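Residues per chain are reported as follows:
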Amino acid sequence: MAEEFRLKSITQYAMEYGTYLGLFFIVKFIVNVFLLRFPALSIVMVLMLIAVPVISYYFVRRFCDVLPVRSIARIWLFGIYLFFFAALLSGAAEYVYYRYINPDFLYQQQHLLEGMLSAMNEQKGGEIFDNMRTTLQESGVQSPIEAVFSGIWGTVFFGSLYSLLLALFMRKPQNKI
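About the criteria used
- Residues numbered from 1 in each chain as written.
- Predicted model: local features only at pLDDT ≥ 70, side-chain atom pairs only at ≥ 80, totals over all residues.
- Heavy atoms only, no water.
- Helix = DSSP H or I, 4+ residues; strand = E, 2+ residues; numbered from the N terminus.
- Contact = heavy atoms within 4.5 Å.
- Areas by Shrake-Rupley, 256 points an atom, 1.4 Å probe, with all protein chains shown as cover.
- Core = buried A, V, L, I, M, F, W, Y, C linked by side-chain atoms within 4.5 Å.
- Buried < 20%, exposed > 50% of the residue type's maximum accessible area, 1.4 Å probe, protein only.
- Expected span 1.5 Å × (residues − 1).
- 1 Å grid on protein atoms, 1.4 Å probe; cavity = no way out; pocket = protein on both sides within 12 Å on 5 of 7 lines; lining within 4 Å.
- Points joined across faces, edges and corners; volume = space filled by probe spheres on them.
- UniProt positions renumbered as here; feature names shortened; annotations may be inferred.
- Axes fitted to C-alpha atoms, helices over the stretch in contact; angles between N-to-C directions.
- Parallel < 35°, antiparallel > 145°, perpendicular 65-115°, else oblique.
- Left-handed = near helix turned anticlockwise from the far one by under 90°.
- Nonpolar A, V, L, I, M, F, W, Y, C, P; charged D, E, K, R; others polar.
- Phe/Tyr/Trp six-rings, centres within 6.5 Å; stacked < 30°, edge-to-face > 60°.
- Polar contact = N/O pair within 3.5 Å; in protein donor to acceptor, adjacent residues only side chain to side chain.

In terms of helices and strands, the chain carries six helices and zero strands. The order of helices and strands in the chain, counted from the N terminus, is α-α-α-α-α-α. Partitioning the contacts of the chain with sequence separation of at least 6, the portion at a separation of at least 24 is 71%. When the accessible area of the chain is evaluated, it comes to approximately 11,900 Å², of which 65% is carbon and sulfur surface.

With 24 residues, the main nonpolar core has Val60 and Phe78 as its most contacted residues. Elements supplying a minimum of two residues to this core: helix 1 (10-33), helix 2 (41-66), helix 3 (72-101) and helix 6 (144-170). Those residues in contact with phenylalanine 78 that sit more than four places away from it in its chain are Ile10, Tyr13, Ala14, Tyr17, Phe59, Val60 and Phe63. Ranked by size, the runner-up nonpolar core spans eleven residues in total, among them Val33, Ala87, Phe105 and Ile152.

Residues separated by three or four positions in an α-helix point in the same direction, a consequence of the helix having 3.6 residues per turn. An ideal rise of 1.5 Å per residue puts 44 Å on 30 residues; helix 3 measures up with 42 Å between its terminal C-alpha atoms. For helix 3, the full list of buried residues reads Ile75, Phe78, Gly79, Leu82, Phe83, Ala86, Ala87, Ser90, Gly91, Glu94, Tyr97 and Tyr98.

Its boundaries defined by the atoms lining it, the largest pocket holds a volume of some 700 Å³. Looking at the largest pocket, it is lined by 30 residues, and the ones nearest its centre are Lys28, Glu94, Tyr98, Gly151 and Thr155. Elements that contribute at least two residues to the lining of the largest pocket include exactly helix 1, helix 2, helix 3, helix 4 (105-124) and helix 6. No other element matches helix 6, which puts ten residues into the lining of the largest pocket.

Glancing now at the UniProt feature "transmembrane region" (unreviewed entry) in the chain. UniProt records the feature "transmembrane region" (unreviewed entry) at residues 17-35, 41-60, 72-98 and 147-169, using the numbering of this structure. Secondary structure within residues 41-60 divides into 100% helix and 0% strand; the distance between the first and last C-alpha atoms comes to 28 Å.

Now for the packing of helix 3 against helix 6. Running from N to C, helix 3 and helix 6 point in directions that differ by 155°, and their axes come no closer than 7 Å. Between helix 3 and helix 6, the angle falls in the class roughly antiparallel. Here helix 3 and helix 6 pass one another in a crossing that is right-handed. Here the contact of helix 3 with helix 6 is composed, by residue class, of 21 nonpolar, six polar and two charged.

Our focus in this paragraph is the packing of aromatic side chains. Note on aromatic pairs: each is described by the distance of the centres and the angle between the planes. One pass over the full model with this rule turns up 18 aromatic pairs. When the centroid spacing of 6.2 Å and the interplanar angle of 55° are considered together, the rings of tyrosine 81 and phenylalanine 85 count as tilted. Placement of the pair is tyrosine 81 and phenylalanine 85 together in helix 3, with a separation of four residues, close to one helical turn. Residue tyrosine 81 is classed as partly exposed on the basis of its relative accessible area of 28%. Members of the aromatic cluster, each reached through a chain of ring pairs, are Tyr13, Tyr17, Tyr20, Tyr58, Phe59, Phe63 and Phe78.

Before going further, it helps to spend a moment on the side chain of serine 160. Along the chain, serine 160 turns up in helix 6. A polar contact is formed between the side chain of serine 160 and the backbone oxygen of phenylalanine 157, at a distance of 2.7 Å. Here serine 160 is in contact with Trp76 and Ile80, once residues within four sequence places are set aside.

On to the environment of phenylalanine 158. Relative to the elements of secondary structure, phenylalanine 158 occurs in helix 6. On the accessibility criterion, phenylalanine 158 (56% relative accessible area) is exposed.

Take a look at the structure:
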């Protein structure tokens, strides 16, 4: 009895590969959390940042290998979905960390950023850093859900731009008669 081979949908492939990319984003977030305690992890963080386009290229390439028709729209849609599902998974882990594990993390990060801007203002003597610091102080600290949603939005936005570039290079040329 011959088994029928059924292709998965774009969404199913994106959910599967997005899970792996999301797990990578969670590890990257954990490295980022420990970056202040262990400065040597900055090398690992840079390597992980470089690895994101490489890993996403690998997943898009694997998806393109099973496509019967490679159009820019399909590849781009897969890339958007890939980054969306990865961001959802990592966003859930980040929310748990911000809300339950270390509730002061966002406050500490903003305080650290304000200190860095003050130091830059004293060194450079420019008003720009002082204005940035004042704006940070007036806007207040983001809530955990706001931080997660802004992270998801940023990941999907930049992932969609990167996916568009990939789609332009990975499409199959049309046979013109």
